[in-house]
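Take a look at the letters that make up each chain.
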Amino acid sequence: MIEESFFKQYVPNFAKFEQYGFVLQSGKYVFKTCFFQKQFEAVLEISKQGTVQGKVFDLANNEEYSPLHIESWQGSFVNEVRSAYTEILLDIRDTCFTRNYFIFAQSNRIVRLIQEKYADEPLFLWEKYPNYGVFKNPDTNKWYAAILNIDYSKIDKAKAGEIEIIDIKADKKDVQELLQQDGFYPAYHMNKKSWLTVILNDSLSDSALMELIDKSHVLAR
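Residues numbered from 1 in each chain as written. Predicted model: local features only at pLDDT ≥ 70, side-chain atom pairs only at ≥ 80, totals over all residues. Heavy atoms only, no water.

Asker: Got a sec to walk through the sheet that holds strand β9 (residues 133-137)? Specific residues and values, please.
Answerer: If you walk across this open sheet you meet the 6 strands as β8-β9-β10-β11-β13-β12, and the pairing is antiparallel. Among the strands making up the open sheet, the edge pair consists of β8 (123-124) and β12 (184-186). Direction of pairing for β12 relative to strand β13 (residues 195-199): antiparallel, over a ladder of 3 bridges. For Tyr185, the partnering residue across the bridge sits in β13 and is Thr197. Along the sheet, helix α6 (residues 206-219) makes contact with β9, β10 (142-151), β11 (162-169), β12 and β13, crossing β11 at roughly 45°. (Pairing = 2+ DSSP bridges. Helix = DSSP H or I, 4+ residues; strand = E, 2+ residues; numbered from the N terminus. Contact = heavy atoms within 4.5 Å. Axes fitted to C-alpha atoms, helices over the stretch in contact; angles between N-to-C directions.)

Asker: Describe the pairing of strand β3 (residues 28-35), with residues and values.
Answerer: In the sheet, strand β2 (residues 23-25) pairs with β3 via 3 bridges, with the strands oriented antiparallel. When the bridges of β3 are listed, Val23 appears paired with Val30. The loop that links β2 with its antiparallel partner β3 comprises 2 residues; one of these, Ser26, has a positive phi angle of about 50°. In the sheet, β3 pairs with strand β4 (residues 40-47) via 8 bridges, with the strands oriented antiparallel. Paired with Phe35 across the two strands is Phe40, which belongs to β4.

Asker: Describe unusual backbone geometry, with residues and values.
Answerer: Trans peptide bonds make up most of the peptide bonds, and negative phi angles are found at most residues other than glycine. Residue Lys38 is not a glycine yet carries a positive backbone phi of 60°. One non-glycine residue, Asp202, lies in the positive phi region at around 70°. You can see Asp202 is positioned in the loop between β13 and α6.

In structure tokens form, the structure reads like this:
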């Protein structure tokens, strides 16, 4: 869906909604606007959890314009309408939402903890992998953590679906011991002798992760 892709890594700033024109109705924030020379009406509904749903109505017959949300439906007219609609979505996103660096809740909590302790920001180094964020020790320019979004099957062939992981450095003598614990995996795309992977799905607490990140930070000196 168009809306899901546009708002995937964004969280709402509800304080800005009323000024923008949203109205709270039945527990959801609703925004309506006509566009494309007033031939269409966009109706956006945003839940208090930040889920965005959108519909577009053809005002000539007061029916939902379904081609807009069918990706395979192409053509100059539908593409023009789709482009005009995405401009509305972009303006709402840029005005009323705040961007998260990553997709999942624990990933963003860990980023905030790193920022608070080390004042380091994730570095996005690869155009091909725009959601891969690396943390470097600024004194040595060495990595001490990397947050990546991958398919679960990359680290566990029995599972599938998008996840986010963190790669962290550890003492070589500790790696094998940690791999015996739930939630730890051999390092993804890193040296498996001195790095580990942890899934950012709350299988390990934030405090436990930060202890590991602190040790990794020391090893990156």
